[in-house]
Amino acid sequence: MGRSIFIQQIIDAAKVKQRNIVLPEGSDERVLEAANIINAEGIASVTLLGDEQKITEAFSSKGWSLDGIKVINPETSDKLQEYADTFYEMRKAKGITPEQALETVKQVSYFGTMIMNAGDADGMVSGAAHSTADTVRPALQVIKSAKKGATVSSFFIMDVNDKTYIFSDCALVVDPTAEQLADMAVDSAISAMAYDIPPRVALLSFSSYGSGGKCPMVEKVQEAVKLAKAKVEAEHADKGIVIDGELQLDSAIVPEVASKKAPESPLGGEARVLIFPDLNAANIGYKLVQRLANAGAYGPVLQGLNKPVNDLSRGCYVEDIVGTVALTALQAAN
Ligand SMILES: CC(C)(COP(=O)(O)OP(=O)(O)OC[C@H]1O[C@@H](n2cnc3c(N)ncnc32)[C@H](O)[C@@H]1OP(=O)(O)O)[C@@H](O)C(=O)NCCC(=O)NCCS
Ligand SMILES: CC(=O)OP(=O)(O)O
């Protein structure tokens, strides 16, 4: 599958920024292939973590050049003890010992996060070979929420049938409260705008405008819609964000269906930011679209962190990694 216009534009914009992105999973063949593409096309400057000799051999066996790529082995890095000391200071109140800190930062996801924390890279993309929990936990512990106490959530950029959508939260918050759903909806609208995706947000349910009757699952989404609208009114009134719900998926994205099931919806069946009611629905939903509609799926991109650390699915393709690196480069502060 070739690149879509959307992702090529993101890649072209990333080339201008020339950010340094850490790819901790230098033992994964897809990550190495992606690193080669990113380096050869000049999309970002790459730091790969892993065994230098194995990475060098893998590159030379494919005829790829490692020129321009930095390779660090956490086990032998001269930064290891410094990072362990920093991590110990950050986490000692949680009961960690200096020895545990040293063992922890030897893990590539933690080591990459410590590089970010030290300001020696602009972004990190991991998760091709690690679960989301293993990728995201170091970021939550070390990089932390940009706003103290705020919920970090995630989104996928889904490239399907010449349209680009945001799906949230497909990776992090398992069973969001109405408040968390509302925050996700508003944060996803702001994230959408950063990538020129219209901030037309639908909070999804099995019910459209009360058609599912009185039920706690529906009421949670209805409450989230109220909270999200109030938040937009109070904090982002001038940004053109449209939020509506609760809506079934077809009422959210198919104008003819919206005209029947939710004729008053300001979205008119043209939502581009889809907020799922929980992680079951969201994770299954994005994988269905990716696999059955052959859609591009970039992410999960985290929103609300101090610095960009982003995840991947273990089922990702090389071009998903390349696209997610480009998205990460654009998230990094100027
Ligand atoms: C993200 C996740 C790993 C965090 O949970 P956890 O590992 O149990 O971590 P904890 O609850 O111990 O939290 C670790 C830290 O992160 C913080 N944290 C957890 N979730 C957070 C969130 N959504 N936003 C901000 N901070 C968060 C905690 O407050 C805690 O901070 P502290 O240790 O500095 O006090 C967990 O929510 C999870 O497993 N989510 C589902 C992942 C998944 O399987 N997704 C499907 C495939 S993509
Ligand atoms: C995002 C996601 O579902 O990740 P994984 O497929 O690795 O569980």
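Residues numbered from 1 in each chain as written. Chains lettered and ligands numbered in written order. Predicted model: local features only at pLDDT ≥ 70, side-chain atom pairs only at ≥ 80, totals over all residues. Heavy atoms only, no water.

- Identification of the protein as Phosphate acetyltransferase from Pontiella desulfatans is taken from an unreviewed UniProt entry.
- The UniProt entry for the protein carries the following comment under Pathway (unreviewed entry): "Metabolic intermediate biosynthesis; acetyl-CoA biosynthesis; acetyl-CoA from acetate: step 2/2."
- Within the UniProt record for the protein, the comment given under Sequence similarities (unreviewed entry) is "Belongs to the phosphate acetyltransferase and butyryltransferase family." (UniProt positions renumbered as here; feature names shortened; annotations may be inferred.)

### Regarding the side chain of Ser 188
Thought 1: Within the secondary structure, Ser 188 is located in helix H8 (residues 178–194).
Thought 2: According to the relative accessible area criterion, Ser 188 is buried, its value standing at 0%.
Thought 3: Polar contacts involving the side chain of Ser 188 include one to the side chain of Ser 168, which spans 3.4 Å.
Thought 4: Residue contacts for Ser 188: discarding those within four places in its chain leaves Ile 166, Ser 168, Val 273, Ile 275 and Gln 303. (Helix = DSSP H or I, 4+ residues; strand = E, 2+ residues; numbered from the N terminus. Buried < 20%, exposed > 50% of the residue type's maximum accessible area, 1.4 Å probe, protein only. Polar contact = N/O pair within 3.5 Å; in protein donor to acceptor, adjacent residues only side chain to side chain. Contact = heavy atoms within 4.5 Å.)

### Quick notes on the packing of aromatic side chains
Thought 1: Taken as a whole and assessed by the stated rule, the structure comprises six aromatic pairs.
Thought 2: Taking 5.3 Å as the distance between ring centres and 80 degrees as the angle between the ring planes, the aromatic pair formed by Phe 59 and Trp 64 counts as edge-to-face.
Thought 3: Accessibility expressed as a relative area gives 1% for Phe 59, which makes it buried.
Thought 4: Centre to centre, the rings of Phe 156 and Tyr 286 are 3.8 Å apart; their planes meet at 15 degrees, and the pair counts as stacked. Note that Phe 156 is positioned in strand E5 (residues 153–160) and Tyr 286 in helix H12 (residues 279–292), a separation of 130 residues in sequence. Side by side, Phe 156 and Tyr 286 carry an identical accessibility label, which is buried.
Thought 5: In this structure, Arg 272 packs its charged tip against the face of Tyr 165, placed 5.6 Å from the ring centre. (Phe/Tyr/Trp six-rings, centres within 6.5 Å; stacked < 30°, edge-to-face > 60°. Lys NZ or Arg CZ within 6 Å of the ring centre and 35° of its normal.)

### Points about the site of ligand 1
Thought 1: Around ligand 1, the surrounding shell holds 19 residues, and the nearest of these are Arg 91, Lys 94, Arg 137, Val 152 and Ala 171.
Thought 2: With respect to ligand 1, the side chain of Arg 91 contributes an N or O atom lying 2.8 Å from an oxygen atom.
Thought 3: For ligand 1, an oxygen atom lies 2.5 Å from a polar atom in the side chain of Arg 137.
Thought 4: For ligand 1, whose free accessible area comes to 940 Å², the fraction covered by protein is 61%.
Thought 5: If you list the elements that add at least two residues to the shell around ligand 1, you get helix H7 (132–143) and H12.
Thought 6: With five residues, the single largest contributor to the shell around ligand 1 is H7. (Near = heavy atom within 4 Å. Areas by Shrake-Rupley, 256 points an atom, 1.4 Å probe, with all protein chains shown as cover.)

### A few points about the site of ligand 2
Thought 1: Lining the immediate surroundings of ligand 2 are Thr 132, Phe 156, Asn 283, Tyr 286, Lys 287, Pro 300, Ser 313 and Arg 314.
Thought 2: At 2.7 Å, a side-chain N or O of Ser 313 approaches an oxygen atom of ligand 2.
Thought 3: Arg 314 is positioned with one of its side-chain polar atoms (N or O) 2.8 Å from an oxygen atom of ligand 2.
Thought 4: When ligand 2 is considered free in solution it has 260 Å² of accessible area, and contact with the protein chains removes 87% of it.

### Considerations on the nonpolar core
Thought 1: Ranked by internal contacts, the top residues of the largest apolar core, which has 86 residues, are Leu 23, Ile 38, Leu 48, Ile 157, Val 201, Leu 203 and Ile 243.
Thought 2: Among the elements that take part in this core, H8 stands out by supplying eight residues, more than any other.
Thought 3: Among all residues touching Leu 203, those that are not within four sequence positions of it are Leu 181, Ala 185, Val 221, Ala 224, Val 225, Ile 243, Asp 244, Gly 245, Glu 246, Leu 247 and Ile 275.
Thought 4: Within the second largest apolar cluster, 19 residues are counted, among which are Met 158, Phe 167, Ala 252 and Phe 276. (Core = buried A, V, L, I, M, F, W, Y, C linked by side-chain atoms within 4.5 Å.)

### Some words on helix H3 (residues 52–62)
Thought 1: Capping the start of H3, Asp 51 holds a side-chain oxygen 3.1 Å from the backbone nitrogen of Gln 53, two or three residues further along.
Thought 2: Gly 63 sits one or two positions beyond H3 and adopts a positive phi of about 75 degrees.

### Thoughts on the packing of H8 against helix H9 (residues 216–235)
Thought 1: The N-to-C vectors of H8 and H9 enclose an angle of 50 degrees; their axes lie 8 Å apart at closest approach. On the basis of their axis angle, the class for H8 and H9 is oblique. For the pair H8 and H9, the crossing hand works out as right-handed. Residues Ala 178, Glu 179, Leu 181, Ala 182, Asp 183, Ala 185 and Val 186 of H8 lie in contact with H9, whose contacting residues are Lys 220, Val 221, Glu 223, Ala 224, Leu 227, Ala 228, Lys 231 and Val 232.
Thought 2: Classifying every residue of the contact of H8 with H9 by side-chain character gives 10 nonpolar, no polar and five charged. (Axes fitted to C-alpha atoms, helices over the stretch in contact; angles between N-to-C directions. Parallel < 35°, antiparallel > 145°, perpendicular 65-115°, else oblique. Left-handed = near helix turned anticlockwise from the far one by under 90°. Nonpolar A, V, L, I, M, F, W, Y, C, P; charged D, E, K, R; others polar.)

### Topic: the sheet that holds strand E2 (residues 45–49)
Thought 1: In spatial order, the strands read E3-E2-E1-E4-E11; together these five strands make up an open sheet with parallel pairing. Of all the strands in the sheet, the pair left with one neighbour each is strand E3 (70–72) and strand E11 (309–310).
Thought 2: Relative to E2, strand E1 (residues 20–23) runs parallel, the two being bridged by four bridges. The residue of E2 that forms the bridge with Asn 20 is Ser 45.
Thought 3: Across the sheet, helix H6 (residues 108–117) lies against E1, E2, E3, strand E4 (123–125) and E11, angled at about 165 degrees from E4, the strand it touches most. (Pairing = 2+ DSSP bridges.)

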